[in-house]
Amino acid sequence: MKLFLDAVIFILLVPVLFILAYQNGYLDRFVPDDAIPAEPFVRAELAQKTSGTDLSRRIDKALDDGAYDDAVMYADIADYADMPIESGTAARLQNEKSLGRRVARNTGSFFEGFITGEGNDTASFVGVVTSDLTVVGDVRDIGSEGTKLVKGEEYSQLVLGLSVVGLAATTATIATGGSALPARIGVSLLKVAKKAGTITAGFARDVTRLLNEAVNFEKLKGTLKSVDLADTSATRHAIADYANGVSMAKITPALNDIAALEKSVGPAESVRLLKYVDSGEDLARVTKMSGKLGTKTRGVIEITGKTSLRAFKTVANLVLWALGWGWAIIAALGAGFLGTLGRRLRRRRAA
């Protein structure tokens, strides 16, 4: 019996010791992050931090505020974490999913994003990206920020630099049959994030530093002075010629990372998630997280406060996850105990 109990204790301690060593980085050389599935740990954390009632409240508030995307996100988290939402909340959300409601929401938002380059929901962000892919958005922003630069007024070096790089990326996309499209998408999303105020000061500083290496702003100023910036056609041709000399090598990896994030969660969520990114390393972690959680990523971050999958893999969450399977553990221990007891009884009878 003692041997059996020792074996049980050993079996229970091994995962705990393993996770402790993993948390402290002792196994980094031997255990890649992907070797340990994150989902059980994420669900355990959610079970600790939220509930069906809490998520219903969040959905109702989002619908009250007109934030349909947020409402759907919290509903997806409820489904993922197996937390039923309240019937009244579910009915409200279903009503918002009707064709008429979707058309009314999306049509106006798309054109607002296309024309102004700004937005706050999925449709408007798609409009922004569409306008940039047709270079309308880049020319518009070059005219706006370039005029300030020429006049010596305060301007956004980030938006102006991205717009110039955007034109260069558009040209490269056409020339290479689409291989530069991720960089083109990354430019658009960063500009939207800047205008929406979701890009952090730290990440904006990093991107601006890369833009200074890609774009010669003094030379750009001279080009802009020679053009009537109110004439969009003349502006486009002048900057298109200038953009041919833009060095894309150092800025492209960051733009590609943004595009990878967009592929997992869509344009609107990509812009919103950037408020959790202070550096390139943060971007890589959030992008990896979004690859597993999709459009639920931002909601999971808001609820748990964790911005990487590794952060969920703790002893506490291991225990919480194991307790969820407590019936199986108890059954296994019970079966082992009964088996041992049966063998002892048989030996006594035989004796």
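Definitions and cut-offs
- Throughout, a residue's number is its position along its own chain's written sequence, starting from 1.
- With pLDDT at 70 or above as the cut-off, local features in this predicted model cover only qualifying residues; side-chain atom pairs require 80 or more to be listed or tallied, and sums for whole chains, interfaces and linings still use all residues.
- To get the side-chain values, take all heavy atoms of the structure and skip hydrogens and water.
- The numbering of helices and of strands both runs from the N terminus, where a helix is a DSSP run of H or I of at least 4 residues and a strand a run of E of at least 2.
- Only protein chains enter the accessibility calculation, which uses a 1.4 Å probe; a residue whose area is less than 20% of its type maximum is buried, one above 50% is exposed, and one in between is partly exposed.
- In this description, contact between two residues means that some pair of their heavy atoms is separated by no more than 4.5 Å.
- Each accessible area value is a Shrake-Rupley result obtained with a 1.4 Å probe; residue values ignore everything except the protein chains displayed when judging cover.
- The span one expects for a helix is its residue count, reduced by one, times 1.5 Å.
- By the criterion applied in these results, polar contacts are pairs of N or O atoms within 3.5 Å in which, for protein atoms, one can donate a hydrogen and the other can accept it, and in which residues neighboring in sequence qualify only through two side-chain atoms.
- Here, a salt bridge means any Lys or Arg side-chain nitrogen found within 4 Å of an Asp or Glu carboxyl oxygen.
- Lines are fitted to the C-alpha atoms to define the axes, a helix being fitted only along its stretch in contact, and any angle between axes, read from their N-to-C directions, falls within 0 to 180 degrees.
- Angular relationships are summarised with four words: roughly parallel below 35 degrees, roughly antiparallel beyond 145, roughly perpendicular across 65 to 115, and oblique for the angles in between.
- Handedness of a helix crossing follows the sense of rotation of the near helix relative to the far helix, less than a right angle counterclockwise being left-handed and clockwise being right-handed.
- Charged residues are taken to be Asp, Glu, Lys and Arg, nonpolar residues to be Ala, Val, Leu, Ile, Met, Phe, Trp, Tyr, Cys and Pro, and polar residues to be all remaining types, Gly included.
- The arc in question is the one traced by the directions running from the helix axis out to the C-beta atoms.

Draft legend 1. The overall build of the protein, seen in detail. Counting its regular elements, the protein contains 19 helices and zero strands. Counting over 351 residues, the protein shows a buried share of 45%. In the protein, once contacts between residues fewer than 6 apart in sequence are set aside, the share between residues at least 24 apart is 69%. Total accessible area computed for the protein in this model is approximately 18000 Å², and 58% of it derives from carbon and sulfur atoms.

Draft legend 2. Looking closely at helix α8 (residues 136-151). For α8, built from 16 residues, the straight-helix expectation of 22 Å at 1.5 Å per residue is met to within 8% by its first-to-last C-alpha distance of 23 Å. For α8, every residue scored as buried is listed here: Gly137, Asp138, Val139, Asp141, Ile142, Gly143, Glu145, Gly146 and Leu149. Downstream of α8 by a residue or two, glycine 152 has a phi angle that is positive, lying close to 80 degrees.

Draft legend 3. Region of interest: the side chain of aspartate 282. Looking at where aspartate 282 falls in the secondary structure, it is placed in helix α16 (residues 280-293). By relative accessible area, aspartate 282 is classed as buried at 14%. Separated by 3.0 Å, the side chain of aspartate 282 and the backbone nitrogen of aspartate 278 make a polar contact.

Draft legend 4. View of unusual backbone geometry. A positive phi angle is found at aspartate 82, which is not glycine, with a value near 60 degrees. Here aspartate 82 shows up in the loop between α4 (68-80) and α5 (87-96). Judged by relative accessible area, which is 65%, aspartate 82 ranks as exposed.

Draft legend 5. Highlighting the pattern of salt bridges. Inspection of every chain in the model, using the stated rule, returns 23 salt bridges. As a salt-bridge pair, arginine 58 and aspartate 54 come within 3.0 Å of each other at their nearest N and O atoms. A residue pair is termed a helical-turn pair when its members lie 3 or 4 positions apart in one helix, as arginine 58 and aspartate 54 do in helix α3 (residues 52-64) at four residues. Using a relative accessible area of 15% as the deciding quantity, one classes aspartate 54 as buried. Across the pair glutamate 269 and arginine 272 runs a salt bridge, and its minimum N-O distance is 2.9 Å. With glutamate 269 and arginine 272 both in helix α15 (residues 267-273) and three residues apart, this pair spans about one turn of that helix. The class for glutamate 269 is buried, based on a relative accessible area of 7%. In this structure, a network of salt bridges that share partners links the residues Asp69, Asp70, Glu269, Arg272, Lys275, Arg298 and Glu302.

Draft legend 6. Representation of the environment of arginine 310 within the structure. Position of arginine 310 among the secondary structure elements: in the loop between α17 (297-304) and α18 (315-324). Along the backbone, arginine 310 and valine 42 are 268 residues apart, and their C-alpha atoms lie at a distance of 9.8 Å.

Draft legend 7. Representation of the packing of helix α2 (residues 39-49) against α17 in the model. Remark: α2 packs on α17, axes separated minimally by 10 Å, with the N-to-C direction vectors making an angle of 55 degrees. In terms of orientation, α2 lies oblique with respect to α17. When you trace α2 past α17, the crossing you get is left-handed. Where α2 abuts α17, its residues Val42, Glu45, Leu46 and Lys49 lie against Val300, Ile303 and Thr304. Residue composition of the contact of α2 with α17, by class: four nonpolar, one polar and two charged.

Draft legend 8. Structural detail: the packing of helix α12 (residues 217-225) against helix α13 (residues 232-243). It is at 10 Å that the axes of α12 and α13 come closest, and there the two elements cross at 155 degrees. Our classification of the angle between α12 and α13 gives roughly antiparallel. The hand of the α12/α13 crossing is right-handed. The segment α12 lies against α13, with Lys219, Leu220, Thr223 and Leu224 engaging Ala238, Ile239 and Tyr242. Of the residues contributing to the contact of α12 with α13, the split by class is five nonpolar, one polar and one charged.

Draft legend 9. Fine view of the environment of aspartate 33. Among the secondary structure elements, aspartate 33 is positioned in the loop between α1 (2-23) and α2. Overall, the relative accessible area of 26% leaves aspartate 33 in the partly exposed class. Measuring from C-alpha to C-alpha, the distance between aspartate 33 and leucine 309 comes to 8.4 Å, with 276 residues separating the pair along the chain.

Draft legend 10. Molecular detail of the side chain of aspartate 138. Positionally, aspartate 138 belongs in helix α8. Polar side-chain contacts of aspartate 138 include one of 2.3 Å to the side chain of arginine 184.

Draft legend 11. α13, seen in detail. Taking 1.5 Å per residue, 12 residues should reach 16 Å; α13 reaches 16 Å between its end C-alpha atoms and fits that length. Thr235, Ala238, Ile239, Tyr242 and Ala243 are the residues of α13 that are buried. Down the axis of α13, the smallest arc covering the buried residues is 135 degrees, so these residues share one side. Residues of α13 that are exposed and point over 90 degrees away from its buried face: His237 and Asp241. The N-cap residue of α13 is aspartate 231: its side-chain oxygen and the backbone nitrogen of serine 233 are 3.1 Å apart.

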